[in-house]
Each structure stands twice: as C-alpha cells, then as structure tokens.
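These are the residues of each chain, in order.
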Amino acid sequence: MTASMIAVENLRVRFGTQDVVKGVSFSVPRGGSFGMVGESGSGKSTILRAVSGLNADWTGRMEIDGVALMPKRGRAFFRRVQMVFQDPYGSLHPGQTIDRALSEPLLVHGIGDIETRILRALAEVALPSTVRFRFPHQLSGGQRQRVAIARALMAEPEVLLLDEPTSALDVSVQAEVLNLLSALQKSRNLTYVMVSHNLAVVAHLCPMIGVMQGGNLVETISAENLRAGRTQHAHTTELRALSVELEDPEEV
Amino acid sequence: MLVRMDNLRVGFRTPQGVSEAVRGVSLTVGQEKLGIVGESGSGKSLTARSILRLLPGSATVTADKLEFDGIDVLSAREGALRRIRGKRAGLIMQDPKYSLNPVMTAGAQIAEAWRAHKGGSRRQATKAAIDLLAQVRIRDPARVAGLYPHELSGGMGQRVMIAMMLAPDPELLIADEPTSALDATVQADILRLIEDLVAKRGMGLMLISHDLPLVSHFCDRVLVMYAGRVVEEVKAADLHRAKHPYTRGLLECLPSLVKPKPQLSVLKRDPAWSAPQ
Ligand SMILES: Nc1ncnc2c1ncn2[C@@H]1O[C@H](COP(=O)(O)OP(=O)(O)OP(=O)(O)O)[C@@H](O)[C@H]1O
Ligand SMILES: Nc1ncnc2c1ncn2[C@@H]1O[C@H](COP(=O)(O)OP(=O)(O)OP(=O)(O)O)[C@@H](O)[C@H]1O
Ligand SMILES: [Mg+2]
Ligand SMILES: [Mg+2]
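This is a predicted model, so every value here is computed, not measured.

Colleague: Looking at this structure, how should I read the interface of chain A and chain B?
Modeller: Interfaces are often sized by the amount of accessible area the parts lose when they come together. With 51 residues of chain A at the contact, the number on the chain B side is 51 residues. For the pair chain A and chain B, the summed buried area comes to about 4100 Å², and 58% of that belongs to carbon and sulfur atoms. Connecting chain A to chain B are 3 salt bridges. Here chain A and chain B share 20 residue pairs in polar contact (both at pLDDT 80 or more) between them. Every element with two or more residues in the side of chain A that touches chain B is listed here: helix 3 (88-91), helix 6 (141-154), helix 7 (171-188), helix 8 (199-205), helix 9 (223-228) and helix 10 (234-247) of chain A. Here the side of chain A that touches chain B takes 9 residues from helix 10 of chain A, the largest share from any one element.

In structure tokens form, the structure reads like this:
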C-alpha cells in the first residue's frame, strides 16, 4: 500500500457502544480522486474526520504518503491535509471575518503574500470581494460553503478531504468549483477524497467510488461502471436508478 | 392564498450605504408546491425568512404587501407571529444542525414542537417524536432521539428539522434546501411524505433548492431568482424549456451521470441580468 497517497485499512470507529465505521479499507493514488457516496448516517463524514485527525478514537491502519498516521497529528500534517466540512459553519469560526478565516492558515504556516492570495482565493470560488470583511452569518449558505473551500486551499495542501463541497451551491457555481478542483489537481497533483450524494458530481471528479451503507463499504466501483449501470450491490443499483430517473434528459 | 408578497425589499446597512439583497420580489403561495431556484446569494433564503419575519436584526425590510393567510406580517405583533411560526407555518432552515438547539436532544426538540401544538403528556410527546423520526426514515429512531445535534450526521440533522416542522401539522411548509444532505433513497421517501401532506391536508409548500431535476419533477411551478429578483416563472415540468439566459445557462452547467463531459460549461453572467429596473 505504499504507492498510494492515502491508504486506509480496516478502519473502525465507535461512539459509546455504537459501531459507526465497521472495518473500511480503500486507497487513493497520488494525484487521484476517490468518491464516497451512500446512505445518510452510514459513516462517510466519520471516516473523513478520522483521516483528517479530528477524531483520535479509531482503530485500524491509515497512511498518508506511506507514513502511518498516529492518533495525534502535528502542524506539518495539517498543512498537507485539509478538510472541507459538510456544514460550512464547521470550518468557519462565527466570530472571525472572512478575511481572518482566509489569512489564518497563511499566518500559521508562515506563508507570505497574504493580500494577493486572499483576493485570488475569493475570485477562484466566484465570491465578490465585498464579502471579505463580513462575518460568516452575513453570507448566504452557498457563499459560506465557498469560503470554506477557499480556506482549505489557502495553505496549498497536498490532500483535500471534501465533505459535500457543492451541495449548497447553484449548479453554475458548482461547475466553477468542480472545474477549479480539476485544474488544481492537474497543476499541483492534489489528491482528493470527496463525499457527495450527487452521483453525477462524484462521477465527474472521481474515477473510483466507494459506496457506504450501515458503516460498511459495500462496493467500490469505477465511475465508468457506475455510469453504465454495471453495479454489484443493491444499494448502489438503487442509488443509480433514482439518480438516472431524475436526470432523464428528456425531462430536464 | 397562504402567502401574498408584493414588492419585497430587504437591505443591509453597510459603511458604503444600504445594499439591497432582495429587490422587489412578488409571489403568492397557495395549496401547491412552489419551487424556488436561483443563484447562490440571490436572496432566496432572505425571501423565505421574510414570510415569518425571521430576518437578521441588521436587515431593513419593506413590502407593498406581505401577508400570511391575510395577516399583515410586517405590522403584526411578536405574539401574533409566534402563533404562526413553527405552528401554522414551518421553516426548515438551510443549516439545520446550527438551527437546532445544541443543548437539547433531537427527540426533546421534536417532542417540544409537538406538544406546543397538540398538548398531551410528556410521555405521549416522546412517543410522537420517535414516530416522527421513523416517518422521516431514521433507521434507529429511539437511539437518534437521544442524540445531541453535534452527534447527528448531516442528513440526520436535516431529517430532525423536517420532523420538528411537520410535528404541528403546519398549513405552510417553507423548506430551504431540505434534502441536500440526503441520499437519493431517503430523499425520495421524504418527498413522498411531503407530497402526501400537500395532497391530503392541502398544505402549501415553498421548496428552495439547487437541484433542478428535483424541482422540475416535484413542484408545480418554479420561480427563478437572480440578484435579488425573480427573473422567470415557469411550469415546473417545463423547466427544461426555460427562456431566461440565466436559467438556460444553469441547465447547461448540470453534470450528468449518463452523459459525462470532460469539462463542465460555466455561466457567463451578463450585467444586464442584475441591472436596476
Ligand atoms: N459525536 C458522535 N456521537 C455519537 N454518535 C455519532 C457522533 N458523530 C456521529 N455519530 C453517529 O455516527 C453515524 C455516522 O455519522 P456520519 O456523520 O459519519 O454519517 P454520514 O455518512 O456522513 O451521513 P450524512 O450523509 O447524513 O452526512 C450516525 O449514526 C451518527 O449519529
Ligand atoms: N446579515 C447579513 N448582512 C449582510 N448581507 C447579508 C446578510 N445576510 C445575507 N446577506 C446577503 O444577502 C444576499 C442574499 O442572501 P440569501 O441568504 O438570501 O441568499 P440565497 O439565495 O439563499 O443563497 P444560497 O443559495 O447561497 O443559500 C447574499 O448576497 C448575502 O451575502
Ligand atoms: Mg456526513
Ligand atoms: Mg440560502
């Protein structure tokens, strides 16, 4: 498993007496993207939180770039691995302006050029510079989500863990964000794990997709097979059918 | 008509003067399923919250008319509004986990909403809460009833909020991105539940969503918002035949599962779309 940027083996997480992640394994090559879809409450966010070092209470083996992860992580780890939370409030401190939220990672990691980087980051996620000195609650839901994405990119991480990054965005901004993620992957060889309920979004960015149900990774499928309907597990088949039914281009 | 809104304007004072976020929105909601789609930041949530006068303190709001079931919302007293909010009209907010009370369990919050409307004992309310959680397809409703908001998954938080808003049998449900964190199977069930309430009890629904295929399938009529205004209204089933260049552009940005594109088209925003009228 050393050729991978991210390797997760037999990951288990429990809360109290509740097993929430029940032995999940997957790996992502450097510069690759792994998608995660599946039942609500099946443990997707919990997996990302364990990889990103926010929850130290897990068992199993996890490696980033061939190095085993310990429960506690140092500052260098947090520069390399960033997470965008499902709930944008989770990434943003309510008492901090957007300017502060974006400059903080630069200050922590001693990166200069703050002014230019902030303006570029805002433009990359299609936010007007007027939001810069506002507080998170003074933004719309989608604007907050875009700030969270911009913040995660500030310190130029190598690994980005994205939890429903575009669910609050209109499809035009979603397209811009997805194109930005693809472009960054090409130019900086970023590695992504992306959780989303939107199969079309996941398949667009991720060549390999894991399907979760009840704490288990019940299927790992290529985007190509998912598109073509060559699914193995009933949950995958059902998710795909509902997605295709809604998407039917004759209808919309 | 449940809601009549004429020329709604919501602004915020800034050091550079007042900035208008909602610029003259007019709409009605009857016993129907009204969809609202549109640009992120175009004023959808503010428009929805205005109906219950739940705007931030720093907002200024005016309208030629803003009525809920004939009651003038802008001049109503707090007491009269409290009798509407959460009882006759429910609002499912966009960030459910942050709209829930962080120090109360999910079950207790739903039970409280149920009891405020229906009375009954604490025990009956607790049982009703667990039933409601089962109705919104929570797998293990008794366990989840005992969880605090930070212990809920994203989609569980949305469903707790939905259960809470449905508890008092509202006449109007305003749902701001209610299913964005739900997988397709649960989403389909929740929509069926809402559909049932609309069909059987004549509930009115205002559904705000970025999911164009969903809105097109589920709603009766759709308003498209851009830069604080409604730029287009279409029959939901005809959304794919929308005319406004913003709506057309949106449809072209949709990624597709069956017809992949290497690069997604993006929208060129024309300043004329947001010019003052
Ligand atoms: N801090 C916690 N304490 C107790 N249980 C928790 C905690 N955090 C998560 N859980 C439980 O773990 C399970 C998985 O949650 P998780 O957030 O990982 O789901 P998810 O797959 O991301 O779902 P969604 O798609 O709805 O966001 C849920 O049953 C949830 O209630
Ligand atoms: N408290 C506030 N102070 C200043 N501006 C605000 C405040 N709240 C909202 N706004 C601005 O008002 C505009 C409309 O916000 P609203 O939340 O209604 O957008 P929306 O259409 O719901 O967007 P989204 O799809 O991203 O949720 C946005 O540009 C937002 O930045
Ligand atoms: Mg989640
Ligand atoms: Mg909103």
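That covers the picture; the talk isn't over yet.
Colleague: Looking at this structure, how should I read the side chain of B:Asp95?
Modeller: Turning to its location among the elements, B:Asp95 is positioned in the loop between strand 7 (89-92) and helix 3 (96-99). Contact partners of B:Asp95, with chain neighbours within four places excluded, come to A:Asp87, A:Pro88, A:Tyr89 and A:Arg144.

Colleague: Whenever I open this one, the coordination of the magnesium ion (ligand 4) confuses me. Can you help?
Modeller: Between any two of four tetrahedral donors, the ideal angle at the metal is 109.5 degrees; between two of six octahedral donors, it is 90 or 180 degrees. Only B:Ser45 (OG) and B:Gln94 (OE1) from the protein coordinate the magnesium ion (ligand 4), and they sit 2.0 to 2.4 Å from it. Separated by 49 residues along the polypeptide, B:Ser45 in helix 1 (residues 44-50) and B:Gln94 in the loop between strand 7 and helix 3 bring together distant segments of the chain.

Colleague: What's the story with the pairing of strand 3 (residues 33-38) of chain A in this structure? I'm lost.
Modeller: Side-chain direction in a regular strand flips from residue to residue, so the side chains alternate between the two faces of the sheet. All names here are of chain A. Burial analysis of strand 3 places 6 of its 6 residues in the buried class, which makes it a mostly covered element. Residues Ser 33, Gly 35 and Val 37 of strand 3 are buried on one face, and the alternating residues Phe 34, Met 36 and Gly 38, pointing to the opposite face, are buried as well. Both strand 3 and strand 8 (residues 191-195) contribute to a ladder of 4 bridges, which runs parallel. Bridged to Gly 35 within strand 8 is Met 194. Across 5 bridges, strand 3 lies against strand 9 (residues 208-213) in parallel orientation. In the sheet register, Phe 34 faces strand 9, and the bridge partner there is Met 208.

Colleague: Before we go on, may I ask you to explain the environment of A:Thr97 in this structure?
Modeller: Residue and element names in this part refer to chain A. Of note, Thr 97 is situated in the loop between helix 3 and helix 4 (98-108). Owing to a relative accessible area of 18%, Thr 97 belongs among the buried residues under this scheme. With 40 residues separating them in the primary sequence, Thr 97 and His 137 have C-alpha atoms 9.7 Å apart.

Colleague: In this structure, what is going on with the sheet that holds strand 4 (residues 58-64) of chain A? I would like to understand it.
Modeller: Sheet strands pair via backbone hydrogen bonds, and the direction of the pair is either parallel or antiparallel. Residues and elements named next belong to chain A. Strand order in the open sheet formed by 4 strands is 2-1-4-5, with antiparallel pairing between adjacent strands. Only two strands of the sheet have a single neighbouring strand rather than two, namely strand 2 (18-29) and strand 5 (67-68). Pairing between strand 4 and strand 5: 2 bridges, direction antiparallel. By the bridge assignment, Ile 64 is partnered in strand 5 with Val 67.

Colleague: How should the site of ligand 1 be read in this particular structure?
Modeller: As a structural note, the neighbourhood of ligand 1 is formed by 20 residues, with A:Ser40, A:Gly41, A:Thr46, B:Ser153 and B:Gly155 the closest of them. Residues near ligand 1 are shared among chains A and B, making this a multi-chain site. Between A:Lys44 and ligand 1, the recorded distance is 2.8 Å, taken from a backbone N or O atom to an oxygen atom. At a separation of 3.0 Å, an oxygen atom of ligand 1 approaches a polar side-chain atom of A:His197.

Colleague: Explain the site of ligand 2 to me, please; I cannot follow it from the model alone.
Modeller: Neighbouring residues of ligand 2: 20 residues in total, closest A:Ser140, A:Gly142, A:Gln143, B:Ser40 and B:Gly41. Each of chains A and B places residues next to ligand 2. Between ligand 2 and B:Ser40, the relevant distance is 2.7 Å, taken from an oxygen atom to a side-chain nitrogen or oxygen of the residue. With respect to ligand 2, the side chain of B:His210 contributes an N or O atom lying 2.9 Å from an oxygen atom. In isolation ligand 2 exposes 640 Å². Once the protein is present, 92% of that is buried. Put simply, the parts of the chain that give the shell around ligand 2 at least two residues each are helix 6 of chain A together with helix 1 of chain B. Counted by class, the shell around ligand 2 contains 5 nonpolar, 12 polar and 3 charged residues.

Conventions we followed
- Residues numbered from 1 in each chain as written.
- Chains lettered and ligands numbered in written order.
- Predicted model: local features only at pLDDT ≥ 70, side-chain atom pairs only at ≥ 80, totals over all residues.
- Heavy atoms only, no water.
- Contact = heavy atoms within 4.5 Å.
- Buried area = accessible area lost by both parts, 1.4 Å probe.
- Salt bridge = Lys/Arg side-chain N within 4 Å of Asp/Glu carboxyl O.
- Polar contact = N/O pair within 3.5 Å; in protein donor to acceptor, adjacent residues only side chain to side chain.
- Helix = DSSP H or I, 4+ residues; strand = E, 2+ residues; numbered from the N terminus.
- Donors = N, O, S within 2.8 Å, 3.2 Å for Na, K, Ca; no water.
- Buried < 20%, exposed > 50% of the residue type's maximum accessible area, 1.4 Å probe, protein only.
- Pairing = 2+ DSSP bridges.
- Near = heavy atom within 4 Å.
- Areas by Shrake-Rupley, 256 points an atom, 1.4 Å probe, with all protein chains shown as cover.
- Nonpolar A, V, L, I, M, F, W, Y, C, P; charged D, E, K, R; others polar.

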